[in-house]
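# Observations on the model geometry
Letter by letter, the chains look like this.
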Amino acid sequence: MDRLSAIDASFLAGEKDSSHMHVGAVMVFEGPPPSREDGLAHIDSRLHRVPRYRQKLAVPRFEMGRPLWVDDPSFNLEYHVRHTALAAPGDLEQLQLLVARIFSQRLDRSKPLWESWFVQGLEEDRFAIINKTHHALVDGVSGVDLATVLFDLSPVPPERTELPEWTPRPEPSQAQLIAEGIKGLVRRPVEIGRSAAGAALRPQQTLGRVREAAEGLGEVAWAGMNPAPETPLNVKIGSHRRIVWVQTELEQFKAIKNSLGGTVKDVVLAVVSGALARWLRTRGVRTEGLELRAQVPVSIRSDDERDRLGNRIAVMRTPLPVYARDPVERLRIVREAMQGLKESKQALAAQVIGGLEDFAPPTILSMASRSHWSPRLFNMIVTNVPGPQIPIYLLGRELLELVPVAFLPDNFALTVAAMSYNGKLDFSLLGDYDAIPDIDLVGQYVGEALEELLVVAGRPPSNRGRTSRPRSSARESTVG
């Protein structure tokens, strides 16, 4: 029985009827889809590499500690792996409507928290897989490594070896769960004592870390005293979603940062800022002097923790200068702000807060989780995840496109996720169905903001950012 970390438990506590905490990806492959039997057999042959995918939540009564992961004795792979098909013509707009419907539904907490949808009927002799996994189950930053257990580096898949037999451990009783919680309560003073003893043996190092942590907590407190502005991005949301993605080339972002300075992440944030500035003006919002605040997740996973399940992330607050009309100035502001964040103590403060939450009872943890995604601190989430830069394959079919899908916390109407794969970089825009009916327009503006930077960098775009739902042909999406 593995207990959820404080961060993982906060993803459960932060989930409401209107805000689902699952994340995932849309993967488009060349060629015909594998048969239902072959797809199930392939996943079954790799599932032992991610044992958490056969486990479900067990919640102790009387708030005796955070939930635990336990084997699901009723695990049924066919429940989690689902098959569907698009009607003709099977274009990308239809795929996006399907993704929006799938991500509008909460995962069943009585079962392992994931689903995988095989989608047939995609145009140009392609098929798709839609993965949906609760954020408590997989780290949204390092989760790409876990997803790739299904993939091969060669179009010729290796021969299947004999599978290890999986025998679920007996499901624990409530008495056992409560006893496990009591053990945790007993261990906490011991862990604190060990930490104190270690600190006493390294007084100079400890003093320096305490000083840095105090500075970081001061920065976080100061941020809380400077709330994010009120915008149409922070409104009451429902449970239904819209999604659109923008296809770009990673080389374009590298060309911009090589010419104008900064990093790929800086360019991504500058492009998002430019797109939001245009969109806000269509909503009648004056952007002069307006600076949005974005929550940017940062991995704090060390190399020796790379293969461990569970989230190891901290969040940073970075500005989105929608007031800056000049694209070069916009990038400069983002670049300097991100450099300042790297030199600040925000990430360390987040680790300190996370450590305190490790010792918090569930009620306090639930209250603390609300502050993680408070519109008082942030206007939206923007995340950029680097993916593999070589082609990968599923049962001999090459992966052509990899689109991330993030989540919407309560009162957040839009999240932007960017992910690179094999020379491409896709922006995924996930929006609330009612609050962002013009999400395709935001996607169009992402392409325009990128083009603007490319021209300034002396690289006229040969393949400009494009959405698969151009505004001129976008049909009103429906949720079923």
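These remarks concern the structure in this document. (Residues numbered from 1 in each chain as written. Predicted model: local features only at pLDDT ≥ 70, side-chain atom pairs only at ≥ 80, totals over all residues. Heavy atoms only, no water.)

## What to know about the pattern of salt bridges
Note the cut-off: Here, a salt bridge means any side-chain nitrogen of Lys or Arg that lies within 4 Å of a carboxyl oxygen of Asp or Glu. Secondary structure is summarised from DSSP: a helix means a run of H or I of at least four residues, a strand means a run of E of at least two, and numbering begins at the N terminus for each. Exposure categories follow from relative accessible area, calculated using a 1.4 Å probe and restricted to protein chains: below 20% of the type maximum is buried, above 50% is exposed, and the middle band is partly exposed.
Across all of its chains, the model carries 22 salt bridges by this definition. The salt bridge partner of Arg459 is Glu251, with a shortest N-O separation of 2.4 Å. On the criterion of sequence distance, the pair formed by Arg459 in the loop between helix H13 (439–456) and strand E16 (466–467) and Glu251 in helix H8 (residues 250–260) is long-range, its members being 208 residues apart. Residue class for Arg459 comes out partly exposed when judged on its relative accessible area of 35%. Residues Arg278 and Glu452 are paired through a salt bridge, measuring 3.3 Å at the closest nitrogen-oxygen approach. Of this pair, Arg278 sits in helix H9 (residues 264–282) while Glu452 sits in helix H13, placing them 174 residues apart in sequence.

## Considerations on the packing of aromatic side chains
Quick note on the threshold: Only Phe, Tyr and Trp rings take part, Trp by its six-membered ring, and two of them pair if their centres are within 6.5 Å. Stacked means planes under 30 degrees apart, edge-to-face means over 60, and tilted covers everything else. Only Lys NZ and Arg CZ are tested; either one counts as a charge over a ring when it is within 6 Å of the ring centre and within 35 degrees of the ring normal.
According to the stated counting rule, one finds six aromatic pairs in the structure shown. Taking the centre distance of 6.3 Å and the plane angle of 85 degrees together, the rings of Phe11 and Phe407 count as edge-to-face. On the criterion of sequence distance, the pair formed by Phe11 in helix H1 (residues 6–13) and Phe407 in the loop between strand E13 (397–405) and strand E14 (414–421) is long-range, its members being 396 residues apart. Among the aromatic residues, those joined into a cluster by ring pairs are Phe29, Phe127 and Phe151. Stacked on the ring of Tyr79, the Lys or Arg Lys111 has its end atom at 5.0 Å from the ring centre. Sitting above the plane of the Tyr433 ring, Arg242 keeps its charged end 3.9 Å from the centroid.

## Some thoughts on the side chain of Ser19
As a reminder, the rule being used: In what follows, a contact means two residues having at least one pair of non-hydrogen atoms within 4.5 Å.
Relative to the assigned elements, Ser19 resides in the loop between H1 and strand E2 (22–30). Apart from the residues within four sequence positions on either side, Ser19 is in contact with Gly14, Arg241, Leu408, Pro409 and Asp410.

## Quick look at the environment of Leu86
Residue position: Leu86 is located in the loop between strand E5 (81–85) and helix H4 (92–102). By relative accessible area, Leu86 is classed as buried at 14%. The spacing of Leu86 and Phe127 is 41 residues in sequence and 9.7 Å in space, taken between C-alpha atoms. The contact partners of Leu86, leaving out residues within four places of it in the chain, are Asp91, Gln94, Leu95, Leu98, Val119, Gln120, Gly121 and Leu122.

## Quick notes on the sheet that holds strand E3 (residues 55–58)
The strands making up a sheet associate through backbone hydrogen bonding, with each pair oriented either parallel or antiparallel. Put simply, the test is: Strands were regarded as paired on the criterion that DSSP finds at least two bridges between them.
Spatially, three strands are ordered E1-E4-E3 in an open sheet, and the strand pairing comes out antiparallel. Among the strands making up the open sheet, the edge pair consists of strand E1 (2–3) and E3. Across two bridges, the pairing between E1 and strand E4 (residues 68–71) is antiparallel. Its bridge partner being in E4, Arg3 is matched across the sheet by Leu68.

## With respect to the packing of H8 against H9
Convention followed: Fitted lines through C-alpha atoms serve as axes, helices being fitted only where they are in contact, and the angles separating the N-to-C directions of these axes extend from 0 to 180 degrees. Roughly parallel means an angle under 35 degrees; roughly antiparallel, over 145; roughly perpendicular, 65 to 115; everything else is oblique. All residues other than Ala, Val, Leu, Ile, Met, Phe, Trp, Tyr, Cys, Pro, Asp, Glu, Lys and Arg, Gly among them, are scored as polar; the first ten of these are nonpolar and the last four charged.
One can describe the packing of H8 onto H9 by two numbers: an axis separation of 9 Å at closest approach and a directional angle of 100 degrees. Here H8 lies roughly perpendicular to H9, going by the angle between them. Of H9, the residues touching H8 (which contributes Leu250, Phe253, Lys254, Ile256 and Lys257) are Val264, Val267, Val268 and Val271. For the contact of H8 with H9, a count of residues per class yields seven nonpolar, no polar and two charged.

## Quick word on the packing of H9 against H13
To be explicit about the condition: Two helices cross in a left-handed way if the nearer one is turned anticlockwise from the farther one by less than a right angle. They cross in a right-handed way if the turn is clockwise.
Between H9 and H13, the least distance of the axes is 8 Å, while the angle of their chain directions is 125 degrees. Considering their axes alone, H9 and H13 lie oblique with respect to each other. In the crossing of H9 with H13, the sense of the turn from one axis to the other is right-handed. Two secondary-structure elements touch here, H9 through Val267, Ala270, Val271, Gly274, Ala275, Arg278, Trp279 and Thr282 and H13 through Leu441, Val442, Tyr445, Val446, Glu448, Ala449, Leu450, Glu452 and Leu453.

## Focus on the side chain of Glu401
Under the convention used in this document: When charges are counted, Lys and Arg are positive and Asp and Glu negative, with His and the chain ends excluded. Identification of polar contacts relies on pairs of N or O atoms within 3.5 Å, with a donor-acceptor requirement for protein atoms, meaning one able to donate a hydrogen and the other able to accept it, and with residues adjacent in sequence counted only if both atoms are side-chain atoms.
With respect to the element layout, Glu401 can be found in strand E13. For the buried Glu401, no salt bridge is present, and the opposite-charge side chain at shortest range is Arg126, 5.2 Å distant. Only 3.0 Å separates the side chain of Glu401 from the side chain of Gln247, close enough to count as a polar contact. Discounting residues that sit within four places of it in the chain, Glu401 has contacts with Val26, Met27, Val28, Trp245, Gln247, Tyr421 and Asp426.

## A word on the environment of Gly431
Residue placement: Gly431 occurs in strand E15 (residues 424–432). The class of Gly431 is buried, set by a relative accessible area of 0%. For the pair formed by Gly431 and Ile243, sequence separation is 188 residues and the distance between their alpha carbons is 6.2 Å. Each residue touching Gly431, except ones within four places of it in the same chain, is listed here: His240, Arg241, Arg242, Leu408, Ala413, Leu414, Ile436 and Ile439.

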